[in-house]
Amino acid sequence: MSAPGPVGLLVNPTAGRGAGFTAGARVRAELRRLGHAVTELSGPDLPAARRAARDAAGEAAALVVVGGDGLVHAAVQEVAGTATALGIVPAGTGNDIARGLDLPLGDPATSVAALSAALREGRHRTVDAVRVHSAHGQRWYASILASGVDALVNERANSWRWPPGPARYTLAALRELALVRGVALRIELDGHVLQRRVLLAAVANTRCYGGGLTMAPHADPADGLLDVVVVDELPAAAALHLFTRLRSGEHLRSPAVQVHRARTVRLEPLELPEPAAPRAARAGGRTRLPRPHADGEPVGSLPLTCEVAPAALHVLA
């Protein structure tokens, strides 16, 4: 069977502390060796790469991304809701989108072989994506939106260059949870309203973020529903203990954790009295409202609405 084409290739050369550059060269060479016509879309910066991806997405059989969650998130903006397939070669720090979609991690050659076979056979996996509506416009995401202390952890991890890999998220989490703070939110789930002070409210399409932290173990990206994990405000010691149970998914056994499922989720800041807790006072008085992050990238500000779009992504697998 002849290879379809062309394939748009989007590479982040700085992903994974330079691993993206090496992986990108290998992927480009291997795709061409396997007979695929490759259109290079990478630019000097992310906006230029996104413009090139947008221009090519309508004609390419697939958009193949070599990098981490940030670059995959950028590609999702261009292919969600279209017929263009998305191929992912994980080469970043967290790689949580690939992990959540059960795509191969590690050797890029394994990923390329799977992508090439899927392209030749016209095979892809159809999964949901999520639209975020806010005053800043509309964005798409594929994995999890963080809106509480988890957003602060992501923001801090993104500001560091060391340590490499998921350890960066772990250290950032320990730093933020040591000064744990709650966020007062109004959470609307398909019309059902919760009003409370929470540590976080994670709106999940897939199961993990933060380099493999399994926040929503039962999230299915093809069920047309969002798993909304709400963690009530906790003292610092209890929050740190809960964090140690995230990778295994054991945090769901805590009475402070609830999981809701909905198609549409609206998050709004809520005016509630500040708790008269000594630690809150030591942490700097009133809590600043975190800037929400999705796929590890900032996506506007609260209030916002997350709306699942069933079967909006075609992923080569």
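Residues numbered from 1 in each chain as written. Predicted model: local features only at pLDDT ≥ 70, side-chain atom pairs only at ≥ 80, totals over all residues. Heavy atoms only, no water.

Trainee: Where do I start with the overall build of the protein in this structure?
Mentor: Along the protein, the regular secondary structure elements total 9 helices and 15 strands. Going through the 317 residues of the protein one by one, you find that 52% of them count as buried. Considering only intrachain contacts with a sequence separation of at least 6, the fraction spanning at least 24 residues in the protein is 73%. Per element, the accessible surface of the protein, about 13100 Å² overall, is 54% carbon and sulfur. (Helix = DSSP H or I, 4+ residues; strand = E, 2+ residues; numbered from the N terminus. Buried < 20%, exposed > 50% of the residue type's maximum accessible area, 1.4 Å probe, protein only. Contact = heavy atoms within 4.5 Å. Areas by Shrake-Rupley, 256 points an atom, 1.4 Å probe, with all protein chains shown as cover.)

Trainee: Would you take a moment to explain the side chain of Gln 258 for this structure?
Mentor: Examined against the element boundaries, Gln 258 turns out to sit in strand S11 (residues 257-262). A polar contact is formed between the side chain of Gln 258 and the side chain of Asp 232, at a distance of 3.2 Å. Within polar-contact distance, the side chain of Gln 258 engages the backbone oxygen of Ala 256 at 3.3 Å. Sequence-distant contacts of Gln 258, defined by excluding residues within four places in its chain, comprise Arg 196, Val 228, Val 229, Val 230 and Asp 232. (Polar contact = N/O pair within 3.5 Å; in protein donor to acceptor, adjacent residues only side chain to side chain.)

Trainee: Can you walk me through the packing of helix H7 (residues 167-177) against helix H8 (residues 236-243) in this structure?
Mentor: When two helices pack together, their arrangement is given by the angle between their axes and by how far apart the axes lie. The contact between H7 and H8 brings their axes to 9 Å, and the two run at 160 degrees. The orientation of H7 with respect to H8, classified from their angle, is roughly antiparallel. Here H7 runs over H8; the crossing is right-handed. Residues Thr 170, Ala 173, Leu 174 and Leu 177 of H7 pack against Ala 236, Ala 239, Leu 240 and Phe 243 of H8. (Axes fitted to C-alpha atoms, helices over the stretch in contact; angles between N-to-C directions. Parallel < 35°, antiparallel > 145°, perpendicular 65-115°, else oblique. Left-handed = near helix turned anticlockwise from the far one by under 90°.)

Trainee: Please explain the side chain of Thr 214 as it appears in this structure.
Mentor: For Thr 214, the location among the structural elements is in the loop between strand S9 (192-204) and strand S10 (226-232). For Thr 214, a relative accessible area of 15% corresponds to the buried category. Only 3.2 Å separates the side chain of Thr 214 from the backbone oxygen of Arg 247, close enough to count as a polar contact.

Trainee: Is there a simple way to think about the nonpolar core in this case?
Mentor: Most often, soluble globular proteins keep nonpolar side chains buried together rather than apart. Tyr 209, Met 215 and Val 231 are the most contacted members of the largest nonpolar core, which has 30 residues in total. In terms of nonpolar packing, the next biggest core, distinct from the first, is built from 27 residues, Ala 75, Ala 80, Ile 88 and Ala 142 among them. (Core = buried A, V, L, I, M, F, W, Y, C linked by side-chain atoms within 4.5 Å.)

Trainee: Sorry if this is basic, but what is going on with the environment of Leu 234 here?
Mentor: Note that Leu 234 resides in the loop between S10 and H8. Along the primary structure Leu 234 and Arg 197 are separated by 37 residues, whereas in three dimensions their C-alpha atoms are 9.6 Å apart. Ignoring sequence-local partners within four residues, the contact set of Leu 234 consists of Val 180, Ala 239, Leu 242 and Ala 256.

Trainee: Hey, could you run me through the pairing of strand S12 (residues 264-269) in this one?
Mentor: Along any regular strand the residues' side chains alternate between the sheet's two faces. Inspection of the sheet shows strand S8 (residues 183-189) paired to S12 by 5 bridges, in the antiparallel sense. By the bridge assignment, Ile 187 is partnered in S12 with Leu 267. Examined bridge by bridge, S12 and strand S15 (residues 304-315) share 4 bridges and lie antiparallel to one another. Within S15, the position partnered with Leu 267 by the bridge is Leu 304. (Pairing = 2+ DSSP bridges.)

Trainee: Is there a simple way to explain H7 in this structure?
Mentor: Because the α-helix completes a turn every 3.6 residues, residues three or four places apart line up on one side. Listing the buried residues of H7 in full gives Arg 168, Tyr 169, Ala 172, Ala 173, Glu 176 and Leu 177. Taken down its axis, H7 places every buried residue within 150 degrees of arc, on the same side. (Arc of directions from axis to C-beta.)

Trainee: I would appreciate a short explanation of helix H3 (residues 69-79) in the present structure.
Mentor: Within H3, 10 of the 11 residues are buried, leaving the element largely enclosed by the surrounding structure. Residues of H3 that are buried: Asp 69, Leu 71, Val 72, His 73, Ala 74, Ala 75, Val 76, Gln 77, Glu 78 and Val 79. Looking one or two residues beyond H3, the residue adopting positive phi is Gly 81, at roughly 80 degrees.

On their own, these measurements won't tell you what the molecule is for.
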